[in-house]
Amino acid sequence: MTLEIAVLPNTGCLLESAISCYTEAFSLPPYSDPNRGREVLTRLQTTHRQIAGFRAFIAVKSTARETAVGLCYGYKSQSGQWWHETVRKQLDQSLLPTWFDTAYELVEIAVLPSEQGQGIGTQLISTLLAKRPEPGCLLSTRIDSRAYQLYERLGFSVLGEIKFTDLSAPYYVMGKVF
Ligand SMILES: CC(C)(COP(=O)(O)OP(=O)(O)OC[C@H]1O[C@@H](n2cnc3c(N)ncnc32)[C@H](O)[C@@H]1OP(=O)(O)O)[C@@H](O)C(=O)NCCC(=O)NCCS
């Protein structure tokens, strides 16, 4: 299989299929959240595309060029943003890296379940983070998610543990210096 990593278009069937990857990937445990794809689309269209450093990539197989099998995006993590402030408030200050306020953030990634485990997520992250000018990258991931192992393999380490709401599952905050 030849895989192409391309820029996420603003409209059309590749955008729709990229969002379907989210819906399918996050419908499964431990997330079991079938609304995640639509929520990601809304955030993309209303605010996330406008944030400094925004980049978004899809994975497309050479045998099915009208269908995305994965999507990942990120932007500069800045004070005033919900994720940034939630992490700052909950992590002990001594655990925050010195570059916390100038970091890049890996915001979302999902690969179609039938295509997982073949290196697509790795390629998406490598493309997203290539040649970024920030000193490092931050992300959060549920502590019971297998994504944690992928991030560790890519050089991320755990900075601490947080909850986004009182009822939310615990998440690791992870960081990697470029
Ligand atoms: C996490 C995810 C994006 C990784 O994509 P991927 O294409 O499967 O990743 P790769 O094939 O490049 O790497 C596989 C690694 O991811 C981890 N992984 C996570 N879910 C996996 C799955 N269903 N199948 C195989 N590996 C999986 C494994 O630890 C594996 O590590 P290894 O290569 O050292 O064995 C994808 O599994 C996914 O969409 N999961 C559901 C959504 C999610 O958890 N997103 C991240 C939220 S922080």
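Rules used in this analysis
Residues numbered from 1 in each chain as written. Predicted model: local features only at pLDDT ≥ 70, side-chain atom pairs only at ≥ 80, totals over all residues. Helix = DSSP H or I, 4+ residues; strand = E, 2+ residues; numbered from the N terminus. Rg over C-alpha atoms; globule rule 2.2 N^0.38 Å. Contact = placed C-beta atoms within 7 Å. Near = placed C-beta within 6 Å. Nonpolar A, V, L, I, M, F, W, Y, C, P; charged D, E, K, R; others polar. Buried ≥ 20, exposed ≤ 12 C-beta atoms within 10 Å, placed from the backbone. Pairing = 2+ DSSP bridges. Axes fitted to C-alpha atoms, helices over the stretch in contact; angles between N-to-C directions. Parallel < 35°, antiparallel > 145°, perpendicular 65-115°, else oblique. Left-handed = near helix turned anticlockwise from the far one by under 90°.

Novice: Residue-level account of the overall build of the protein, with values.
Specialist: Secondary structure assignment for the protein yields five helices and seven strands. Ordered by position from the N terminus, the helices and strands of the protein form the series β-α-α-β-β-α-β-α-β-α-β-β. The C-alpha atoms of the protein give 16 Å as radius of gyration, which agrees with the globular expectation for 178 residues (16 Å, within 12%). On the principal axes, the C-alpha backbone points of the protein span a range of 50 × 35 × 35 Å. Taking the intrachain contacts of the protein between residues at least 6 apart in sequence as the baseline, contacts between residues at least 24 apart amount to 67%.

Novice: Explain the site of the ligand to me, and be specific about the residues and the numbers.
Specialist: With respect to spatial proximity, 19 residues lie near the ligand, and among them Gln116, Gly117, Gly121, Thr122 and Gln149 are the closest. When residues of the shell around the ligand are traced back to their parent elements, those giving at least two are helix H1 (13-27), strand S4 (104-111), helix H4 (120-129) and helix H5 (147-153). Among the elements that make up the shell around the ligand, the one with the highest residue count is H5 (four residues). Class assignment for the residues of the shell around the ligand results in eight nonpolar, nine polar and two charged.

Novice: Could you give an account of the environment of alanine 56, with specific residues and numbers?
Specialist: Turning to its location among the elements, alanine 56 is positioned in strand S2 (residues 55-61). On the basis of neighbour counts, which here come to 23 C-beta atoms within 10 Å, the residue alanine 56 falls in the buried class. When the C-alpha positions of alanine 56 and leucine 128 are compared, they lie 7.1 Å apart, and in sequence the two are 72 residues distant. Contact partners of alanine 56, with chain neighbours within four places excluded, come to Val7, Leu8, Leu71 and Tyr73.

Novice: Explain the sheet that holds strand S3 (residues 68-76) to me, using residue names and the numbers behind them.
Specialist: Read across the sheet, seven strands follow the order S1-S2-S3-S4-S5-S7-S6 without closing on themselves; strand pairing throughout is mixed. Across the chains shown, the open sheet's two edge strands, defined by having one partner strand only, are strand S1 (3-7) and strand S6 (157-163). Ignoring strand direction, the axes of neighbouring strands in this sheet form an average angle of 25°. As judged from the two bridges shared by S4 and strand S5 (residues 136-142), these two strands associate in the parallel manner. Bridged to tyrosine 104 within S5 is cysteine 137. This element, H1, spans S2, S3 and S4 of the sheet and lies at about 90° to S3.

Novice: Residue-level account of the environment of glutamate 152, with values.
Specialist: Position of glutamate 152 among the secondary structure elements: in helix H5. In the structure, glutamate 152 is positioned 41 residues away from valine 111 in sequence and 18 Å away in space, judged by C-alpha atoms.

Novice: Describe the packing of H1 against helix H2 (residues 36-46), and please don't skip the residues or the numbers.
Specialist: Where H1 contacts H2, the two axes come as close as 7 Å, and the packing angle between them is 140°. On the basis of the axis angle, H1 is oblique to H2. Considering the relative orientation of H1 and H2, their crossing is right-handed. The residues of H2 that touch H1, namely those facing Ile19, Ser20, Tyr22, Thr23 and Phe26, are Arg36, Gly37, Val40 and Leu41. Split by residue class, the contact of H1 with H2 holds five nonpolar, three polar and one charged.

Don't take any of this as a statement about function, it's just geometry.
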